[in-house]
Amino acid sequence: MRRKLLLIAVLLLGSVPAVTATPIEYTVKLADAQRHLVHVHIRLPEGAAERDLQLPVWNALYQVRDFAQYLVTASCHAPSGQALPVRKLDKTTWRISDAQQGANFEYDIIADLPGPFGAQYNQDHAFFNLAEILMYAVDARASPVRVSFTGLPNYWLIATPLTAATGAELAPGPGTFTARNYDQMVDSPVEIGAFAQAFVPEGGMNYRIVVDAAAGDYDMGRLIAMVRTIVRTETAWMDDRPFTDYLFIFHFSSRSRGGGMEHANATAIEMSAEGAKSDPVTLASLTAHEFFHLWNVKRIRPQSLEPIDYTREQYSPSLWFSEGVTSTVADYILLRASLLDETRWLRYLEHEIGVFERRPAHLTQSLEDSSVDTWLEKYPAYGLPQRSISYYNKGELIGVLLDLAVRDATQGHKSLRDVFRWMNRNYAQKHKFFADTAGVRQAVEAVTGKDFKEFFNVCVTSAAPLPYNEYLKTVGLELKPRPALAPYAGFVAVRNFDEPAVVAAVDENSEALRQGLASGDIILLVNGKPLAGSVEDRVATMRVGESLKLRISGRAGQRDLKFKLGGREQEEFSIVSAPTLTSEQRARRAAWLTADDQAPRDAPKGAMRAEAAR
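So, a few notes on the structure that sits alongside this text. (Residues numbered from 1 in each chain as written. Predicted model: local features only at pLDDT ≥ 70, side-chain atom pairs only at ≥ 80, totals over all residues. Heavy atoms only, no water.)

## Thoughts on the overall build of the protein
Broken down by element type, the protein carries 16 helices and 27 strands. Scaling as 2.2 N^0.38, a compact globule of 614 residues should have a C-alpha radius of gyration of about 25 Å, and the protein matches this with 26 Å. For the protein, the spread of C-alpha atoms along the three principal axes comes to 85 × 70 × 45 Å. Looking at the protein as a whole, 54% of its 614 residues qualify as buried. Taking contacts inside the protein between residues at least 6 apart in sequence as the whole, the part at least 24 apart equals 69%. When the accessible surface of the protein is split by element, carbon and sulfur atoms take 51% of a total near 26,300 Å². With 67 positive and 73 negative side-chain charges, the protein shows a spacing of 2 Å between the two charge centroids. (Helix = DSSP H or I, 4+ residues; strand = E, 2+ residues; numbered from the N terminus. Rg over C-alpha atoms; globule rule 2.2 N^0.38 Å. Buried < 20%, exposed > 50% of the residue type's maximum accessible area, 1.4 Å probe, protein only. Contact = heavy atoms within 4.5 Å. Areas by Shrake-Rupley, 256 points an atom, 1.4 Å probe, with all protein chains shown as cover. Lys, Arg positive; Asp, Glu negative; His and termini not counted. Charge placed at Lys NZ, Arg CZ, Asp CG, Glu CD.)

## Some points on the pairing of strand β2 (residues 37-44)
Buried residues dominate β2, accounting for six of its eight residues. Hairpin connection from strand β1 (residues 24-32) to β2: four residues lie between these consecutive antiparallel strands, with His36 at a positive phi of about 60°. Of the strand pairs in this sheet, β2 and strand β7 (residues 103-110) are connected by eight bridges, and their pairing is antiparallel. Note on β7: the bridge partner recorded for Val40 is Tyr107. (Pairing = 2+ DSSP bridges.)

## A closer look at helix α11 (residues 436-448)
Taking 1.5 Å of rise per residue, 13 residues should cover 18 Å, and α11 covers 19 Å from first to last C-alpha, within 8% of that figure. Within α11, the full set of buried residues consists of Asp436, Thr437, Gly439, Val440, Ala443, Val444, Val447 and Thr448. Each buried residue of α11 lies within a common arc of 165° when the element is viewed along its axis, so the set occupies one face. On its buried face, α11 is in contact with α6 (319-336), α8 (367-372), α9 (391-409), α10 (416-426) and α12 (453-459). Positioned one or two residues after α11, Gly449 has a phi angle of 70°, which is positive. (Expected span 1.5 Å × (residues − 1). Arc of directions from axis to C-beta.)

## Description of the packing of aromatic side chains
Across all of its chains, the model carries 35 aromatic pairs by this definition. Each ring, one from Tyr246 and one from Phe291, has its centre 5.0 Å from the other, and the planes form 85°; the classification is edge-to-face. Residue Tyr246 is located in strand β18 (residues 245-253), and its partner Phe291 is located in helix α5 (residues 280-292); the two are separated by 45 residues in the primary sequence. Look at Tyr246 and you get buried, because its relative accessible area is 2%. Given the relative accessible area of 0%, Phe291 is considered buried. Positioned above the aromatic ring of Tyr136, the side-chain terminus of Arg141 is 5.7 Å from the ring centre. Lying across the ring of Tyr332, Arg336 places its NZ or CZ 5.1 Å from the centre. (Phe/Tyr/Trp six-rings, centres within 6.5 Å; stacked < 30°, edge-to-face > 60°. Lys NZ or Arg CZ within 6 Å of the ring centre and 35° of its normal.)

## Side note on the nonpolar core
The biggest cluster of nonpolar side chains holds 103 residues, and the ones touching the most others in it are Ile209, Phe250 and Trp345. In contact with Ile209, other than residues within four places in its own chain, are Ala196, Gln197, Ala198, Val200, Met220, Leu223, Ile224, Val227, Phe248 and Phe250. Among the nonpolar cores identified, the runner-up in size contains 52 residues, and Val28, Leu30, Ala131 and Tyr182 belong to it. (Core = buried A, V, L, I, M, F, W, Y, C linked by side-chain atoms within 4.5 Å.)

## Description of helix α7 (residues 342-357)
The terminal C-alpha atoms of α7, which comprises 16 residues, lie 22 Å apart, in line with the 22 Å expected from a rise of 1.5 Å per residue. Looking at the buried residues of α7, the elements they touch are α6, α9, α13 (468-472), β21 (477-488), β27 (566-577) and α16 (583-593). Between a side-chain oxygen at the N-terminus of α7 and the backbone nitrogen of Thr343 the separation is 3.3 Å; the capping residue is Asp341. (Polar contact = N/O pair within 3.5 Å; in protein donor to acceptor, adjacent residues only side chain to side chain.)

## Some thoughts on the sheet that holds strand β3 (residues 51-54)
Taken together, four strands build an open sheet; the order of strands is β5-β6-β3-β10 and the sheet is antiparallel. For this open sheet the edge positions go to β5 (86-90) and β10 (136-137), each flanked by a neighbour on one side alone. Sheet analysis places β5 next to strand β6 (residues 93-96), joined by four bridges and oriented antiparallel. Bridge pairing in β6 links Lys88 to Trp94.

## Some thoughts on the sheet that holds strand β20 (residues 266-272)
Consider a sheet: its strands pair through backbone hydrogen bonds, and that pairing is either parallel or antiparallel. In space, the five strands of this open sheet follow the order β16-β17-β18-β20-β19, with mixed pairing throughout. The two strands at the open ends of the sheet, each matched to only one other strand, are β16 (196-202) and β19 (259-263). Mean inter-strand twist for the sheet, computed between neighbouring axes without regard to direction, equals 15°. Bridge count between strand β17 (residues 205-212) and β18: seven bridges; the pairing is parallel. Paired with Arg208 across the bridge in β18 is Leu247. On top of the sheet, helix α3 (residues 220-238) reaches β16, β17 and β18; it is set at about 140° to β17, its chief contact. Strands β18, β19 and β20 of the sheet are contacted by α5, whose axis makes an angle of about 160° with β20. (Axes fitted to C-alpha atoms, helices over the stretch in contact; angles between N-to-C directions.)

## Some words on the environment of Arg95
Here Arg95 lies in strand β6. Relative accessible area serves as the criterion here: at 22%, Arg95 is assigned to the partly exposed category. Setting aside its immediate chain neighbours within four residues, Arg95 contacts Glu50, Arg51, Asp52, Pro85, Val86, Arg87 and Leu89. Engagement of the side chain of Arg95 in a polar contact is seen with the side chain of Asp52, the distance being 2.7 Å.

## Overview of unusual backbone geometry
Both trends apply: most residues other than glycine have a negative phi, and most peptide bonds are in trans. The step from Glu306 to Pro307 runs through a cis peptide bond, and the omega angle for that step is -15°. Note on placement: Pro307 falls in the loop between α5 and α6. Of note, the phi angle at Asp239 is positive, near 55°, even though the residue is not glycine. Here Asp239 shows up in the loop between α3 and β18.

## Things to note about the side chain of His263
Structurally, the position occupied by His263 is in strand β19. Residue His263 is classed as buried on the basis of its relative accessible area of 2%. Those residues in contact with His263 that sit more than four places away from it in its chain are Asn129, Asp187, Ser188, Pro189 and Lys298.

## Re the packing of α6 against α10
Between α6 and α10, the least distance of the axes is 12 Å, while the angle of their chain directions is 130°. The pairing of α6 with α10 is recorded here as oblique in orientation. Note on packing geometry: the crossing formed by α6 with α10 is left-handed. In this structure, α6 contributes Phe321, Val325, Thr328, Val329 and Tyr332 to the contact, and α10 contributes Leu416, Phe420 and Met423. Residues belonging to the contact of α6 with α10 are distributed by class as follows: seven nonpolar, one polar and no charged. (Parallel < 35°, antiparallel > 145°, perpendicular 65-115°, else oblique. Left-handed = near helix turned anticlockwise from the far one by under 90°. Nonpolar A, V, L, I, M, F, W, Y, C, P; charged D, E, K, R; others polar.)

Written as structure tokens, this is what we have:
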């Protein structure tokens with residue numbers, strides 16, 4: 001009898017349509033451009049009597065930035081209009097009581113963090129990483145959402161990879177969009193303004209290029225050619241197209257300090273207008289890096305980054321792979337697409353090796369530890385050469401060595417590309433996360449059929465010296481150190497992504513100290529221009545005895561300093577060809593740099609060849 005009753009119940013339940021969860025509705029109103037003020041209205045459906053709302057403490061960067069600091073006012077009322085009690089539980093959590101009939105939670109928040117890692121609204125445009133301005137219901141983060149943008153000037157457009165509910169993203173004015181849940185919504189950047197755009201169909205996929213810049217600061221034709229080449233080359237390299245629509249957002253201006261932020265189906269890239277025009281290879285490299293995140297980190301994803309915890313640091317030992325090796329692939333993409341030539345790339349590789357080897361911390365901090373310690377990068381002292389290395393820098397070098405090691409272990413039949421394709425098939429396409437460094441090693445060993453324990457012990461989990469020549473010799477190359485007299489400014493400055501460089505230490509008896517430079521000073525200009533990279537890289541382009549001009553801001557206010565560069569002995573590196581090459585080494589090198597997995601021959605290349613300096 002119980003079996004019969006159960007069967008009847010199952011049949012009855014099976015005949016009832018599935019109930020769709022009521023979406024949480026967000027309205028983002030552009031309230032006051034002068035004050036960078038955004039008004040947010042969150043409409044919660046019926047539910048529990050007590051509801052908690054949280055604003056993430058981190059997003060875009062692996063740094064706790066406490067976005068609640070920008071919240072100005074908050075209030076809550078029931079659908080009837082009656083005020084509901086709201087209690088603050090901690091710095092980023094609000095508890096609503098008597099919310100069983102639903103609730104309308106509203107607040108004003110300041111959005112003035114510029115760049116691809118921020119949220120900003122001003123008279124020129126609005127750009128949002130939505131997790132920096134939108135709270136989530138703790139008990140309903142998985143619920144569907146609708147988000148509307150209002151208060152736009154009549155001629156402003158909206159660009160976002162979110163699904164349009166109204167189609168209004170293609171016309172000026174307000175627009176409403178939907179997402180499966182909060183996580184998908186906040187992984188979708190939003191650009192609002194009078195931007196230029198281009199729609200590019202490409203073999204069953206479409207990508208949209210949006211540019212926020214003055215008309216004279218970019219060339220849309222060259223930009224389209226570059227993006228098309230990179231998209232073709234990377235999708236061919238991976239033999240995969242995991243999207244139907246993708247959004248590229250570019251910001252170019254004299255105030256831009258550079259950087260890029262990846263999303264599941266979009267990327268936001270910022271570069272100075274001068275740099276974008278004078279250094280197209282760097283722009284192409286940044287674009288290739290961010291677009292490859294479509295696979296690496298967004299779909300080929302480490303377990304340590306899931307599920308996302310917006311309330312605290314989320315430690316991952318494998319950022320060296322997700323970021324550093326992504327840079328390796330970006331270099332390969334430029335090589336295969338003829339956007340970069342072999343000679344220039346090898347010079348760049350020499351530079352990156354020098355940057356790594358000249359940091360004393362390369363003998364004390366492992367690549368995994370550097371990944372975990374990323375949460376310390378906002379502190380200037382952490383950036384000192386004796387304290388830390390960069391998992392971007394060393395990770396990129398390890399990507400090159402790993403590629404050569406895989407080729408050597410398989411007599412040239414397999415490469416880093418095969419490792420990524422294996423991870424794509426076995427992790428991403430099966431909706432699985434990989435087990436951080438152990439998962440990368442598993443993929444390498446599956447592709448090669450060889451034991452890579454020693455490689456990972458030396459290169460990833462320890463701070464042992466890197467075996468450059470062990471693998472470079474397989475392609476007939478050799479790394480040679482040499483002493484050199486290099487220009488030296490007498491101080492160390494560190495830069496936190498797109499923020500200004502901060503002086504972390506000043507040498508005793510240096511001209512910089514005598515001129516009044518002090519730890520904590522912020523560097524605004526170097527030789528009259530904003531700093532796009534590091535101070536070290538800018539100084540490296542100068543000569544010993546040449547004058548360095550700094551505009552700084554510190555305890556003594558804003559001031560200009562000028563002093564001559566000193567010199568110091570340092571080790572530099574050259575990658576040279578072996579005196580004699582075997583036929584196997586020649587073949588390996590040709591396969592390494594000009595493999596047959598390059599972009600289609602008809603891909604536009606002319607506008608972006610490697611005449612510009614890397």
